[in-house]
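Structural features, examined
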Amino acid sequence: MTKEEIIKLLGVLQDTYGKRFSDPAGTVEAWSLVLGAYDSKQIYKAARFYMETKTIKNFPSPADLIDLITRAEMAYPD
């Protein structure tokens, strides 16, 4: 994922979960470090799956999204 894609994803998640970051640039850097090697399509599907299926509505971590990639790919095939 590019930093621009991560910024877009974080914006969607912020709007969904009402979270604000004390250091937005640092958050983007941290998420880029973890998610930079992943395809944005996989992560967006995982984020969608997280938003649609998680009963506890906490802001997801990058690890939460990585854990859901396989299930999200099965739920939302191309």
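Attention in this report is confined to the structure presented alongside it.

Rules used throughout
- Residues numbered from 1 in each chain as written.
- Predicted model: local features only at pLDDT ≥ 70, side-chain atom pairs only at ≥ 80, totals over all residues.
- Heavy atoms only, no water.
- Axes fitted to C-alpha atoms, helices over the stretch in contact; angles between N-to-C directions.
- Helix = DSSP H or I, 4+ residues; strand = E, 2+ residues; numbered from the N terminus.
- Parallel < 35°, antiparallel > 145°, perpendicular 65-115°, else oblique.
- Contact = heavy atoms within 4.5 Å.
- Nonpolar A, V, L, I, M, F, W, Y, C, P; charged D, E, K, R; others polar.
- Expected span 1.5 Å × (residues − 1).
- Buried < 20%, exposed > 50% of the residue type's maximum accessible area, 1.4 Å probe, protein only.
- Arc of directions from axis to C-beta.
- Core = buried A, V, L, I, M, F, W, Y, C linked by side-chain atoms within 4.5 Å.
- Salt bridge = Lys/Arg side-chain N within 4 Å of Asp/Glu carboxyl O.

**Concerning the packing of helix H1 (residues 3–17) against helix H3 (residues 40–53)**
Between H1 and H3, the least distance of the axes is 11 Å, while the angle of their chain directions is 5°. Considering their axes alone, H1 and H3 lie roughly parallel with respect to each other. Where H1 abuts H3, its residues Glu5, Lys8, Leu9, Val12, Leu13, Thr16 and Tyr17 lie against Ser40, Ile43, Tyr44, Ala47, Tyr50 and Met51. Considering only residue class, the contact of H1 with H3 consists of nine nonpolar, two polar and two charged.

**Comments concerning helix H2 (residues 24–35)**
Between its first and last C-alpha atoms H2 spans 16 Å; for 12 residues at 1.5 Å apiece the expected length is 16 Å, and the two agree. Of the residues making up H2, those classed as buried are Thr27, Val28, Trp31, Ser32 and Leu35. With its buried residues spanning 135° around the axis, H2 presents them on a single face. Opposite the buried face of H2, at more than 90 degrees from it, the exposed residues are Ala25 and Leu33. Buried residues belonging to H2 abut H1, H3 and helix H4 (62–67).

**Section: the nonpolar core**
By size, the foremost hydrophobic cluster in this structure holds 21 residues, and its most contacted members are Leu9, Leu10, Trp31, Ile43, Phe59 and Leu65. Taken together, the elements giving at least two residues each to this core come down to H1, H2, H3 and helix H5 (69–75). The residues contacting Phe59, other than those within four sequence positions of it, are Leu10, Leu13, Gln14, Tyr17, Lys19, Phe21, Trp31, Tyr50 and Asp64.

**Observations regarding the environment of Thr55**
Mapping Thr55 onto the fold places it in the loop between H3 and H4. The exposed category is assigned to Thr55, whose relative accessible area is 78%.

**Considering the pattern of salt bridges**
The full count for this structure, using the stated rule, is five salt bridges. For the salt bridge of Asp78 with Lys45, the shortest nitrogen-to-oxygen distance reads 2.9 Å. With Asp78 in the segment after H5 and Lys45 in helix H3, this pair connects stretches of sequence that are 33 residues apart. A residue is classified by how much of its surface remains accessible, and Asp78, at 76% relative accessible area, is exposed. What makes Lys45 buried here is its relative accessible area of 10%. The network of salt bridges with shared partners includes Lys41, Lys45, Glu73 and Asp78.

This is a description of form; function is not addressed.
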